[in-house]
Amino acid sequence: MTTSSNHGEPIRFDRELARTSAATLRDKRNQLTGPAAPLVRGWAPLQAAMSEALANPPKGIADVLAIQVLVQAILDQLPPSPANNRVAAFNKLYLTITRRVDTALQTTAQWPEFLEMLDVEFAKRYFLALDLWNRDQAETPDVWEVLFRRAGDTEMSELVAAVLGVNAHINHDLSLALITTWEQLGPPPDDKIYPDYELVNKIFYEEIQPLRRGFSDDWQLHIDRLVGPLDDWSQRILVKVTRAQAWEQARRLWPLRSDAEDFAAACHLMDRAASLLGEWLLFGDRFVNDAGEVVIGGRRFLSRILG
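Given the structure is predicted, the values throughout are model-derived calculations rather than measurements.

**Regarding the packing of helix H4 (residues 86–107) against helix H5 (residues 112–134)**
Argument step 1. Here H4 crosses H5 at 165 degrees, and the two axes come no closer than 11 Å. Considering the angle they form, H4 stands roughly antiparallel to H5. Relative to H5, H4 is oriented so that their crossing is left-handed. Packed against H4, whose contacting residues are Val-87, Phe-90, Asn-91, Tyr-94, Thr-98, Val-101 and Leu-105, the element H5 presents Pro-112, Leu-115, Glu-116, Asp-119, Phe-122, Ala-123, Tyr-126 and Leu-130 at the interface.
Argument step 2. Partitioning the contact of H4 with H5 into residue classes produces 11 nonpolar, 2 polar and 2 charged.

**Here we look at the environment of His-169**
Argument step 1. Within the secondary structure, His-169 is located in helix H7 (residues 158–185).
Argument step 2. Taking the C-alpha atoms as reference, His-169 lies 9.7 Å from Tyr-94; in sequence the two are 75 residues apart.
Argument step 3. Apart from residues no more than four positions distant in its own chain, His-169 is found in contact with Phe-90, Tyr-94, Phe-122, Tyr-126, Trp-144 and Leu-174.

**Section: unusual backbone geometry**
Argument step 1. With an omega of 0 degrees, the peptide bond running from Ala-44 to Pro-45 counts as cis.
Argument step 2. Tracing the sequence through the fold places Pro-45 in the loop between helix H1 (15–33) and helix H2 (47–53).
Argument step 3. Note the cis peptide between Pro-79 and Pro-80, where omega equals 15 degrees.
Argument step 4. Unusually for a residue other than glycine, Ala-83 sits at a positive phi of about 65 degrees.
Argument step 5. Examined against the element boundaries, Ala-83 turns out to sit in the loop between helix H3 (61–75) and H4.
Argument step 6. One non-glycine residue, Asp-136, lies in the positive phi region at around 55 degrees.
Argument step 7. Following the sequence through the fold, Asp-136 ends up in the loop between H5 and helix H6 (142–148).
Argument step 8. Since its relative accessible area comes to 49%, Asp-136 is described here as partly exposed.

Rules used throughout
- Residues numbered from 1 in each chain as written.
- Predicted model: local features only at pLDDT ≥ 70, side-chain atom pairs only at ≥ 80, totals over all residues.
- Heavy atoms only, no water.
- Axes fitted to C-alpha atoms, helices over the stretch in contact; angles between N-to-C directions.
- Helix = DSSP H or I, 4+ residues; strand = E, 2+ residues; numbered from the N terminus.
- Parallel < 35°, antiparallel > 145°, perpendicular 65-115°, else oblique.
- Left-handed = near helix turned anticlockwise from the far one by under 90°.
- Contact = heavy atoms within 4.5 Å.
- Nonpolar A, V, L, I, M, F, W, Y, C, P; charged D, E, K, R; others polar.
- Buried < 20%, exposed > 50% of the residue type's maximum accessible area, 1.4 Å probe, protein only.

Spatial relationships are all this shows, so hold off on functional conclusions.
Encoded structure:
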């Protein structure tokens, strides 16, 4: 299909290529997943409580916060043990950021209507994924499945769980939330909206250090001490780049929304790409943690030998 961008330039979208690419990405992801993460959907044994918490879509940021608090209480009670569910780690991070955004709406936002609507549409994507998983629906986005299916995996650190949630939310949900916000407020006037969009970057910068260290295991904390402020700098850059990429991705998707099949194929491809990235993040974390155990174990062994 050929359509036009916001600037009138023609955009060619190959629907079949998108579908083929999505299938290839799924195959690659399955190769990484392996048998270690069985697919068991649902928030047992609290499915009913989760359904009730997600029953009413949020209309404002106060509703978003209220639902996040309810979801946190539920996740903290789920297996493997109280306050150890890995999805709870991401929800805790998300709740902290949302509270900061709520404050920004009342203090520094130049266009609070936009920022609040984006926050609500953004949250709806996460709540929908939680609900689909709770109802055992295969339509749960693949990128959220990467985290949800490992909710009880205590070998995965809370830090990595939070990163997987951020990957799903920024590299998949954010573009879709931007599009639904633009549909309600009109096409994006960058000069007016983007400064408020970047306010969230600043909130991430200020919160990411204490949250990251609160979620880290011993080996991750050891690395953190070794690299000093480099971790904080690199993660600030990562937040800036990924959120900027989400904005550009939304602008590329925007002209496709008039064709339901093209739009669905493009969103499906975006989901598959982000889910493969999630699996790679897990693969890298396993490698680093295994290396860390070898190093720490070796040091302890030498200490015993040397007295």
